[in-house]
Amino acid sequence: MYIMDLSGLHFDSNLITMLRGALRSLSTFMTEHYVELIRSFVIVNAPEFISMIWSIAKPLLPEKTRQKVIIMGASHWKKEILEMASPKALPTFWNESSGNRVFLAELNRSKQVDRNTLYKSDPKQTVASGYYKQLNVSPGKSSYVDLMVEKHIPGPTYVPMSGQHRTEMTGIYRLYFSNEHSWFHVLKIRYRINSQLNKEEEE
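These numbers were taken from a predicted model, which means no experiment stands behind them.

J.: Pulling in residues and values, what's your account of the overall build of the protein chain?
T.: Of the regular secondary structure elements, the protein chain holds 6 helices and 7 strands. Approximately 15,300 Å² of the protein chain is accessible, and the part contributed by carbon and sulfur atoms is 52%.

J.: Lay out helix H3 (residues 50-57) with the relevant residues and their values.
T.: Residues of H3 that are buried: Ile50, Ile53, Trp54 and Ala57. In a view along the axis of H3, the buried residues occupy a sector of 100 degrees, so they form one face of it.

J.: Account for the packing of aromatic side chains, with residues named and values stated.
T.: In this structure the tally under the stated criterion is 5 aromatic pairs. Geometrically, the ring pair formed by Trp94 and Phe103 is edge-to-face, given 5.5 Å between the ring centres and 85 degrees between the ring planes. Feature note: the residues Trp77, Trp94 and Phe103 constitute an aromatic cluster, connected by ring pairs.

J.: Before we move on, could you go through the nonpolar core and cite the residues and values that matter?
T.: In this structure, Val42, Val44, Met72, Trp77, Ile81, Ala85, Leu90, Trp94 and Phe103 together form the largest nonpolar core, which totals 9 residues. Those residues in contact with Ala85 that lie beyond four places of it in its chain are Met1 and Leu90. Leu15, Ile43, Ile50 and Ile53 belong to the second largest nonpolar core, which has 7 residues in total.

J.: With reference to specific residues and values, describe the pattern of salt bridges.
T.: Taken as a whole and assessed by the stated rule, the structure comprises 3 salt bridges. In this structure, the salt-bridge partner of Arg66 is Glu63, at a minimum N-O distance of 2.2 Å. Note that Arg66 and Glu63 are positioned in helix H4 (residues 63-68) at a spacing of 3 residues, about one turn of the helix. Judged by its relative accessible area of 41%, Glu63 falls in the partly exposed class. Between Glu96 and Lys78 there is a salt bridge; the shortest N-O distance is 3.0 Å. Taken as a pair, Glu96 in the loop between helix H5 (77-82) and strand S4 (133-137) and Lys78 in helix H5 lie far apart in primary sequence, 18 residues in all.

J.: A description of the sheet that holds strand S1 (residues 2-5) should follow, citing residues and the corresponding values.
T.: Reading across the sheet, the 3 strands line up as S1-S2-S3 and stay open at both edges, with parallel pairing between neighbours. The open sheet is flanked by S1 and strand S3 (69-73), the only strands paired with a single partner. Across the sheet, the mean angle from the axis of one strand to that of its neighbour is 15 degrees, orientation sign disregarded. Of the pairings in the sheet, the one linking strand S2 (residues 41-46) to S3 comprises 4 bridges and is parallel in character. From the neighbouring strand, Ile43 faces S3, where its bridge partner is Ile71.

J.: How would you summarise the side chain of Thr92 if you had to cite specific residues and measurements?
T.: Here Thr92 is to be found in the loop between H5 and S4. With residues up to four places along the chain from it excluded, the contact list for Thr92 reads Arg101, Phe103, Leu104, Ala105 and Glu106.

J.: Account for a nonpolar patch on the surface, naming residues and giving values.
T.: A cluster of nonpolar side chains, contributed by Phe11, Met52 and Ile56, occupies part of the molecular surface with about 260 Å² of accessible area. The topology assignment puts Phe11 in the loop between S1 and helix H1 (14-20). Given the relative accessible area of 47%, Phe11 is considered partly exposed.

J.: Before we move on, can you summarise the environment of Met4 with the specific residues and values?
T.: With respect to the helices, strands and loops of the structure, Met4 is situated in strand S1. Each C-alpha atom, one on Met4 and one on Ile43, is 4.8 Å from the other, the two residues being 39 residues apart in sequence. When sequence neighbours within four positions are dropped, the list of residues in contact with Met4 reads Val42, Ile43 and Val44.

The rules behind these values
Residue numbers here run from 1 along each chain, matching the order of that chain's written sequence. Totals for whole chains, interfaces and linings use all residues, but because this is a predicted model, local features are given only for residues with pLDDT of at least 70 and pairs of side-chain atoms are given and counted only at 80 or more. Excluding hydrogens and water, the side-chain values take into account all heavy atoms of the structure. Numbered from the N terminus, helices here are DSSP runs of H or I no shorter than four residues, and strands are runs of E no shorter than two. To be clear on the numbers: accessible area is Shrake-Rupley with a 1.4 Å probe, and residue cover counts the displayed protein chains and nothing else. Only protein chains enter the accessibility calculation, which uses a 1.4 Å probe. A residue is then buried if its area is under 20% of the maximum for its type, exposed if over 50%, and partly exposed in between. Working note: the arc is built from the helix axis to C-beta atom directions. Note on aromatic contacts: the rings of Phe and Tyr and the six-membered ring of Trp form a pair at centre separations within 6.5 Å, being stacked when their planes are under 30 degrees apart, edge-to-face when over 60 apart, and tilted otherwise. Only buried residues count toward a nonpolar core. Its members are Ala, Val, Leu, Ile, Met, Phe, Trp, Tyr and Cys residues joined through side-chain atoms within 4.5 Å. Contacts are residue-level and defined by heavy atoms, with any inter-residue pair within 4.5 Å sufficient. For this analysis, a salt bridge means a side-chain nitrogen from Lys or Arg found within 4 Å of a carboxyl oxygen belonging to Asp or Glu. Strands were regarded as paired on the criterion that DSSP finds at least two bridges between them. Working convention: axes come from line fits to C-alpha atoms, limited for helices to the stretch in contact. Angles between N-to-C directions cover 0 to 180 degrees. Patch rule: a residue counts if its relative accessible area is over 30% and it has no salt bridge; like charges are joined within 9 Å, and nonpolar side chains (Val, Leu, Ile, Met, Phe, Trp, Tyr) within 5 Å.

Encoded structure:
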């Protein structure tokens, strides 16, 4: 069982964007790899607008995934969740401050991200200025960039994505960018590629 607590969630237009992009990718990944391992996706403390968002998302999800989703509102979800999971597996911060300790799992809350630390691109480094090139990948498709390399690419884990790869042979290397899990959004990729010879090899 996968439980998502929506306490404190406020409506934002970006939630619709997430449904049409990230949610489909997550749904496809779970369906392809973990469909038999997760019995249900339970959303607790759901605000009222979630029903509207769910009505948009529901038709876009595979039937098996739709059947696993359970949405619990803000009123009686604490009683309902106890019918589905052991108190030993549910976090203690769900307990009322003055009540009995019903939920027993000592779990840490996630930390809020400081928005000031989020990546912001340099306004001078744009496609128009020639600093980046741009590749548009249509929904449900993938595309690529061919790169000529003279002898000298693994997964980036942060924004902006960056990485390097040492090649053993001179040739043309193809970098693939996939947007296959998107329903509507065009993936716009700004990229900048530098190639250089190893100094030791030059000597």
